[in-house]
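Commentary on secondary and tertiary structure
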Amino acid sequence: MDRETAAQAIAMLVMLAALARWLPRGEEGDSFGRGDPWRALAIDQSLLDEPPGSHDGAAALRAMFRRDGSIARWTGLLEQVARLQARTGDGDVIQIRGVSRNEFWTLAYDLYPAHVVGRTVEEGGSSRDAVLPEAHWVLTLVGPKATAALERGPAPENSARAGTTPDGTTPAGTTPEETGRSGGASGESDSVGSKHAEPPR
Amino acid sequence: MGLVAALLLCLCFGALVDRALFSVPGAGWIERLGRALLFGFGGCGSVALLLDAAGVPVRSASLLAALGLLAALLARPALAAWRAERGASVRRMATAASAACPALTRTQAAAHAGLLLFAALSLAQAVVSGFVRPAFQVDALTRWLFKAKVLAFDGTLTGALSRSPGFAFTHQRYPPLLPQVCNLPALLSGHWDERLAEGLCAWFAVALVAVTYGALRRRAGPLPAALGAAWIASLPLIQYLPFPPPGSGAFSAMADIPLALFVTAAGLALVDALEGVRDRAHLEAGLCLGFAALTKNEGLPLLAGAGLALLLGATRGRVRRAVGVVGVAALLYLLAWGLISQSFPALDEHYPGQLKPANVAAGLSRLPTIALTLGAELVSFQRWNLTWLAVVALLCIGRIGRARRALLVLLGVQLASYVLAFMITAWTSPAAEAAVAGGLADDTVSYLMSLTMGRLLLHMAPLAIALALLCAPRMVRPVGATG
């Protein structure tokens, strides 16, 4: 075989290898990774089919590569994040309890420009950590199913956003003092007052 | 609309820079598009970084004013270049360049079109995924997109994010050209939208494929160029694989594909410079090296590699050329990020600080593990198809000229820097320690390599593919040739 023919053969093999990935998916652990592009397309299609406001797709993606990843856990967190994003802003402090280091960092991104504080599980923190006095809101991951709960913290609310909830109603029944006393998160109540809060999944 | 506006801004500014500063005889529209995106991303990102370094908040007004001023300065030379392109001398050069692109038979033309279609479909998948998927990779969220979001809200990266220990997880000294580019949709639309910021990232892959296709087409002909485009666009780690965690794909808002773009563009410009086929290729290489250094820390060793490549590959004016190219890159890096970043906290991953003889000596014991992991990565079909085996095979049967040997030096220095980093790193994490305790990894470095080796090789893969196709024996016999 001359060098030109060898180069052509190599080129053919390269393209055949790329095309082989589009073959129907093999069994789990297939070392040729057949069907991987189809799998990616299926992920995108399911995201496109999601109803507006759903966090299931984002939660599934975030949970995909975490050793502590669980879709339900991330769905609950992202729902509370969406609620917090609607009512917090620059200067607000959100305490996060009961989450891992990577989750804490990711939530810090999600909630910016609000500032997140708290101890991660790796730092010895837990969902029962005392509520910090500077916290406007406290987001806690609690219970055996790791559901996310949101409470108002003891810090005075920023006047610009005071009293508003995502649905535009005024929260009632919860004062900073009350939530401040709760200390470790109970997880039973969603913070903004059960009237206005959707139960965490 | 923010995404479209950002892309148009980058295309227009990049095309102006390309036309005003560089002349590429024989470039087709695909290469022009790729080069416009290349200089648009690098140029807009660098200007935003320079504004921030100068203490000017990065807002739409300030950035557009700075870009407008530069555009006004570049307009005249761009117009002159456009006029000169009709001149006889450049036409002669274009004719010479097109000699490398012989006419194709009908079968060859069909293969060429089929390969380009495959490349386009592969890129389309990455671009759509980039827009459809919410960001999910930890590194993308906590570094690149976090900084882009801070820019969108605060207009600067010199504030608390870069100085407070509470934000150490964002890797405060990491160069932020990508966040500046990701911030463009927010600047132009007036509001932060994660999907738009992430959606822009996949276009770096489009530029990468287009630039490589154009450079190969001018030098090796249309069919090898189309093969290179299809090969690179369909790399699993670019097109569809979301792992190795924390990922690398064109859709994942990570900085690996942008770095690969600048590395490849710099390497291809170096070949043009060493072979003297066009003017100002040295300046282009220097600029692209600067963009690479502003994209990731891994771009910095490239400067040493490029300097060495020029010293070994140039036939005359070696020192002058090496100093010129590396000087342009280093100056851009220092002015836009290097100087101000010195006042930010250094992390445990601050590799230059760990580069001590004692650490290197202690790291020698890690070499067998590093070599084994690297070898396993290179032959992994799931991640690379047959890429690295084919690159080595093509280089073995090809003819590697002086200038192209210099590219091998560049790639070798880059790979050596990664090996050195694994030797001296003191990196650890709770996840790594848990993996070691659970018997899933031998040590923290093995764990680190399992996360990063694929991404690191991705920085070099497109240039390695281009080099292999440049050196490979001619795969297509010119029309009319006999025997």
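Predicted model, so just to flag it, every value in this text is computed and none were measured.

Quick notes on the rules
- Residues numbered from 1 in each chain as written.
- Chains lettered and ligands numbered in written order.
- Predicted model: local features only at pLDDT ≥ 70, side-chain atom pairs only at ≥ 80, totals over all residues.
- Helix = DSSP H or I, 4+ residues; strand = E, 2+ residues; numbered from the N terminus.
- Contact = placed C-beta atoms within 7 Å.
- Buried ≥ 20, exposed ≤ 12 C-beta atoms within 10 Å, placed from the backbone.
- Nonpolar A, V, L, I, M, F, W, Y, C, P; charged D, E, K, R; others polar.
- Expected span 1.5 Å × (residues − 1).
- Pairing = 2+ DSSP bridges.
- Axes fitted to C-alpha atoms, helices over the stretch in contact; angles between N-to-C directions.
- pLDDT = per-residue confidence, 0-100.
- Parallel < 35°, antiparallel > 145°, perpendicular 65-115°, else oblique.
- Left-handed = near helix turned anticlockwise from the far one by under 90°.
- Core = buried A, V, L, I, M, F, W, Y, C linked by C-beta atoms within 7 Å.
- Right-handed = clockwise from strand over helix to strand, strands pointing away.

1. Examining the overall build of chain B
For chain B, the helix and strand inventory stands at 24 helices and 0 strands. Judged by the C-alpha coordinates and their principal axes, chain B covers about 65 × 55 × 45 Å. Across chain B, contacts joining residues at least 24 apart in sequence account for 79% of those joining residues at least 6 apart.

2. Points about the overall build of chain A
Counting secondary structure elements, chain A contains 6 helices and 4 strands. Beginning at the N terminus, the succession of helices and strands in chain A can be written as α-α-α-α-β-α-β-β-β-α. Residues classed as buried in chain A amount to 38% of the 201 residues present.

3. Focus: the interface of chain A and chain B
Contact residues are listed per partner, giving 37 residues for chain A and 40 residues for chain B. Elements that contribute at least two residues to the side of chain A that touches chain B include exactly helix 1 (3-20), helix 2 (36-49), helix 3 (56-64) and helix 5 (101-111) of chain A. No other element matches the 12 residues that helix 1 of chain A contributes to the side of chain A that touches chain B. Residue composition of the side of chain A that touches chain B, by class: 22 nonpolar, 6 polar and 9 charged.

4. Observations concerning helix 13 (residues 256-275) of chain B
Residues and elements named next belong to chain B. For helix 13, which comprises 20 residues, the first-to-last C-alpha distance of 29 Å matches the rise-based estimate of 28 Å (1.5 Å per residue) to within 8%. Judged by how many residues are buried, helix 13 sits mostly within the fold: 19 of 20 residues are covered. In the stretch just after helix 13, Gly276 is the one whose phi turns positive, near 65°.

5. Focus: the sheet that holds strand 1 (residues 93-97) of chain A
All names here are of chain A. Reading across from one edge, 2-1-3-4 is the order of the 4 strands in this open sheet, with mixed pairing throughout. Edge strands, defined here as strands with exactly one partner in the open sheet, are strand 2 (115-117) and strand 4 (147-152). In this sheet, adjacent strand axes meet at a mean angle of 25° when their direction is disregarded. Relative to the sheet, helix 4 (residues 71-87) contacts strand 1, strand 3 (137-142) and strand 4, its axis offset from that of strand 4 by approximately 25°.

6. Here's the deal with the confidence of the model for chain B
Averaged over every residue, the pLDDT of chain B is 91; the share at 70 or more is 94%. Both confidence scores are given for the complex: pTM 0.90, ipTM 0.91.

7. Looking at helix 14 (residues 281-295) of chain B
The end-to-end C-alpha separation of helix 14 of chain B is 21 Å, in line with the 21 Å expected for 15 residues at 1.5 Å each. Burial within helix 14 of chain B is extensive, with 14 of its 15 residues counted as buried.

8. Observations concerning the packing of helix 23 (residues 430-437) of chain B against helix 24 (residues 444-471) of chain B
Each pair of packed helices gets described by two things: the angle between the helix axes and the distance between those axes. All names here are of chain B. Between helix 23 and helix 24, whose axes approach to 9 Å, the crossing angle comes to 115°. On the basis of their axis angle, the class for helix 23 and helix 24 is roughly perpendicular. Both helix 23 and helix 24 take part in a crossing whose hand is right-handed. Counted together, Ala432, Glu433, Ala435 and Val436 of helix 23 and Thr444, Tyr447 and Leu448 of helix 24 form the full contact between these two elements. Each residue belonging to the contact of helix 23 with helix 24 can be placed in one class, and the counts come to 5 nonpolar, 1 polar and 1 charged.

9. So, the environment of Gly290 of chain B
In this structure, Gly290 of chain B sits in helix 14. Sequence separation between Gly290 of chain B and Phe262 of chain B is 28 residues, and the spatial gap between their C-alpha atoms is 8.6 Å.

10. Examining the pairing of strand 4 of chain A
Residues and elements named next belong to chain A. A large share of strand 4 lies buried, amounting to 6 of its 6 residues. Side chains Thr147, Ala149 and Glu151 of strand 4 all project onto a buried face; the interleaved residues Ala148, Leu150 and Arg152 project onto the opposite face, where all are buried too. As paired elements, strand 3 and strand 4 share 6 bridges and run antiparallel to each other. The residue of strand 4 that forms the bridge with Val138 is Glu151.

11. Focus on the nonpolar core
Residues and elements named next belong to chain B. Of all hydrophobic cores here, the largest spans 205 residues; its most connected members are Ala266, Leu270 and Ala306. Counting residues per element, this core draws most heavily on helix 24, which supplies 19 residues. Aside from chain neighbours lying at most four places away, what touches Ala306 is Ala266, Leu270, Ala285, Leu289, Val325, Val326 and Leu410.

12. Concerning unusual backbone geometry
That bond from Tyr112 of chain A to Pro113 of chain A is cis: its omega, 15°, falls within 30 degrees of zero. Mapping Pro113 of chain A onto the fold places it in the loop between helix 5 and strand 2. With phi around 55°, Ala253 of chain B is a residue other than glycine that occupies positive phi space. Here Ala253 of chain B lies in the loop between helix 12 (236-239) and helix 13.

13. Concerning the environment of Trp82 of chain B
All names here are of chain B. Examined against the element boundaries, Trp82 turns out to sit in helix 3 (residues 60-84). Judged by the 11 C-beta atoms lying within 10 Å of it, Trp82 is exposed. C-alpha separation for the pair Trp82 and Arg19, spaced 63 residues apart in sequence, amounts to 7.2 Å.

14. Topic: the environment of Ala61 of chain B
Here Ala61 of chain B shows up in helix 3. Along the primary structure Ala61 of chain B and Leu410 of chain B are separated by 349 residues, whereas in three dimensions their C-alpha atoms are 40 Å apart.

15. Overview of the packing of helix 1 (residues 2-21) of chain B against helix 2 (residues 29-53) of chain B
Residue and element names in this part refer to chain B. With their axes 6 Å apart at the nearest point, helix 1 and helix 2 run at an angle of 100° to one another. Judged by the angle between their axes, helix 1 and helix 2 are roughly perpendicular. Here helix 1 contributes Leu9, Cys10, Leu11, Phe13, Gly14, Ala15, Val17 and Asp18 to the contact with helix 2, which in turn contributes Arg35, Ala36, Leu37, Leu38, Phe39, Gly40, Phe41, Gly43 and Cys44. Looking at the contact of helix 1 with helix 2 residue by residue, the class counts come to 12 nonpolar, 3 polar and 2 charged.

16. Considerations on the pairing of strand 1 of chain A
Burial analysis of strand 1 of chain A places 4 of its 5 residues in the buried class, the great majority of the element. Note that the unit made of strand 1 of chain A, helix 5 of chain A and strand 2 of chain A has a crossover that is right-handed.

17. Some details on the confidence of the model for chain A
Segments scoring low in pLDDT should not have their predicted coordinates read at a detailed level. Residue and element names in this part refer to chain A. Of all residues in chain A, 74% have pLDDT values of 70 or greater, and the mean over the chain is 77. At the level of individual helices and strands, chain A shows its lowest average pLDDT in helix 6 (residues 176-182), which scores 32, and its highest in helix 1, which scores 96. In the model, residues 159-201 has pLDDT below 50 throughout and makes 85 contacts with residues more than four positions away in sequence or in other chains.

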